Amino acid sequence: MAENCEGGGKATICVFFALPHILDSGAEGRNKYRDIMTSASKAVRGMSFQFMWFEGGAQPDLETTLELTFGFPAVAAYSVDKGVYTVHRSSFTEKNLRQFLTGITTGKQGTYKVSSVPEIKTVEPWDGKDGVPFEEEVWWDDDDFGDDTDSTGDEF
């Protein structure tokens, strides 16, 4: 995070986009979210913003620190220099994200102190494809529960 969020004398604001898990949105849905992010970020082009996205649930320390615990997609902006953050609390649309970003530049967004600098985990980059559901191993067998036709026992 240091290489992207610490401006080296220049105040930089990092905007984090937590997107839904790939199995929830698929590649098409994820790309739509990314298109919205790209379009909205043009509202602050040329300003000291850095934009990053990650899969919701993959960065638990960051999500907890920035209070991104209400579902995905979610957005927060973080100023390392000032030690504060703000959370986008509206729907994930280009218009609302533009308002959020310009609100940061005009001081209209309320901020909160960061209790500790969040740890960012290194994860595998997204391959651009749909996710593959994992198969859970079945730990039980129907024979383990007896025969449904057994009428010798008491019924509830």
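Right above here is the structure, for reference.
Basis of the calculations
Residues numbered from 1 in each chain as written. Predicted model: local features only at pLDDT ≥ 70, side-chain atom pairs only at ≥ 80, totals over all residues. Heavy atoms only, no water. 1 Å grid on protein atoms, 1.4 Å probe; cavity = no way out; pocket = protein on both sides within 12 Å on 5 of 7 lines; lining within 4 Å. Points joined across faces, edges and corners; volume = space filled by probe spheres on them. Helix = DSSP H or I, 4+ residues; strand = E, 2+ residues; numbered from the N terminus. Nonpolar A, V, L, I, M, F, W, Y, C, P; charged D, E, K, R; others polar. Expected span 1.5 Å × (residues − 1). Buried < 20%, exposed > 50% of the residue type's maximum accessible area, 1.4 Å probe, protein only. Arc of directions from axis to C-beta. Contact = heavy atoms within 4.5 Å.

Let us look at the layout of surface pockets. Here the second largest pocket defines a volume of roughly 250 Å³. The wall of the second largest pocket is formed by 14 residues, among which Ile-13, Ser-79, Lys-82, Val-84 and Ile-104 lie closest to the centre. Of all the secondary structure elements, the ones that give two or more residues to the lining of the second largest pocket are strand 3 (74-79) and strand 4 (84-87). A class-by-class count of the residues in the lining of the second largest pocket yields 7 nonpolar, 6 polar and 1 charged.

Bringing helix 4 (residues 94-106) into the picture now. Since the α-helix advances by 3.6 residues per turn, residues separated by three or four positions end up pointing in the same direction. Across its 13 residues, helix 4 extends 18 Å between first and last C-alpha, which sits within 8% of the 18 Å expected from 1.5 Å per residue. Those residues of helix 4 not exposed but buried are Asn-96, Leu-97, Phe-100, Leu-101, Gly-103 and Ile-104. Within helix 4, the buried residues cover an arc of 155 degrees as seen down the axis, which keeps them to one side. Facing away from the buried side of helix 4 by over 90 degrees, the exposed positions are Lys-95 and Thr-106. Turning to helix 4, the residues buried within the fold contact strand 1 (13-19), helix 2 (22-41), strand 2 (49-55), strand 3 and strand 4.

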